[in-house]
Amino acid sequence: MRRIVMRQLPHFWLYCILSAVMAFGIQLIGLIPPILMQRVIDVTIPSRNVQDVFISILWFCIIPICVTSLSTFYKYILAIVCRKFGQELSIKGFRNLVYQPLSYFDHVNSSEFATYCRNEALSYVVFWVIDIPQLISTMLSALIILIYVAQLNLGIADFLLLYIPFSFFPSSFLLKRCKSLKNVLLTTTLR
């Protein structure tokens, strides 16, 4: 599938990389207020520097507005890019469907198949342009936070590492349980 996408959609992987860079940048900008807060509490307030406290408060207000604006712009651009790439893949898939022999349509509903192809193409594009870049940027941000916290206090950083098994294993168990309940529900409903 990747070869087909690379051949049919030039610059697809460039958009994936740009999406990861933009998501990472937005997350990094969102990390500035906690660092600023530490500086205000540890340095500015004890030195009774009112002007720096006031400037820091302004930054506390400006940075979230900037992050929200950048995030909205990022999601808007991604929606346009995903729709464009999904549409291109759908059109190319539909062209292949049109050139099938007529006997092929005796057993396949062409409209259902075209809809299925469109949904799969869009899901593939969204996965690579939105989901994977956001996952990568979140992992990098978490690593940066962990390194920063480890520099401040190694004990707290070790405690943060405990979050991984305590969040992963219960959610993995619940996902398996939901899938089994869904299968039971579908089999009992279809009888």
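Cut-off values and rules
Residues numbered from 1 in each chain as written. Predicted model: local features only at pLDDT ≥ 70, side-chain atom pairs only at ≥ 80, totals over all residues. Heavy atoms only, no water. Helix = DSSP H or I, 4+ residues; strand = E, 2+ residues; numbered from the N terminus. Expected span 1.5 Å × (residues − 1). Bend = angle between axes of the 7 residues up to and from the residue. Buried < 20%, exposed > 50% of the residue type's maximum accessible area, 1.4 Å probe, protein only. Salt bridge = Lys/Arg side-chain N within 4 Å of Asp/Glu carboxyl O. Polar contact = N/O pair within 3.5 Å; in protein donor to acceptor, adjacent residues only side chain to side chain. Phe/Tyr/Trp six-rings, centres within 6.5 Å; stacked < 30°, edge-to-face > 60°.

Draft legend 1. Focus on helix α5 (residues 110–152). With 43 residues, α5 ought to run about 63 Å at 1.5 Å a step, and its terminal C-alpha atoms sit 61 Å apart, in line with that. Helix geometry: α5 is bent most strongly at F127, by close to 40°. All buried positions along α5 are accounted for by A121, Y124, V125, V129, I130, P133, S137, S141 and V149.

Draft legend 2. Up close: the pattern of salt bridges. The tally for this structure, following the rule as stated, stands at one salt bridge. In this structure, the salt-bridge partner of D52 is R39, at a minimum N-O distance of 3.8 Å. Residue D52 is found in helix α4 (residues 50–98), and its partner R39 is found in helix α3 (residues 32–44); the two are separated by 13 residues along the sequence. Classification of D52 by relative accessible area gives partly exposed; the value is 25%.

Draft legend 3. Geometry of the side chain of S19. Residue placement: S19 occurs in helix α2 (residues 12–30). Within the structure, S19 has its side chain in polar contact with the backbone oxygen of V129 (distance 2.6 Å).

Draft legend 4. Examining the packing of aromatic side chains more closely. Per the counting criterion, the structure on display carries seven aromatic pairs. Arranged with centres 6.4 Å apart and planes meeting at 15°, the rings of F12 and Y124 form a pair that is stacked. Here F12 is found in helix α2, whereas its partner Y124 is found in helix α5, with 112 residues between them in sequence. For Y124, a relative accessible area of 15% puts it in the buried group.

Taken by themselves, the reported measurements are silent on function.
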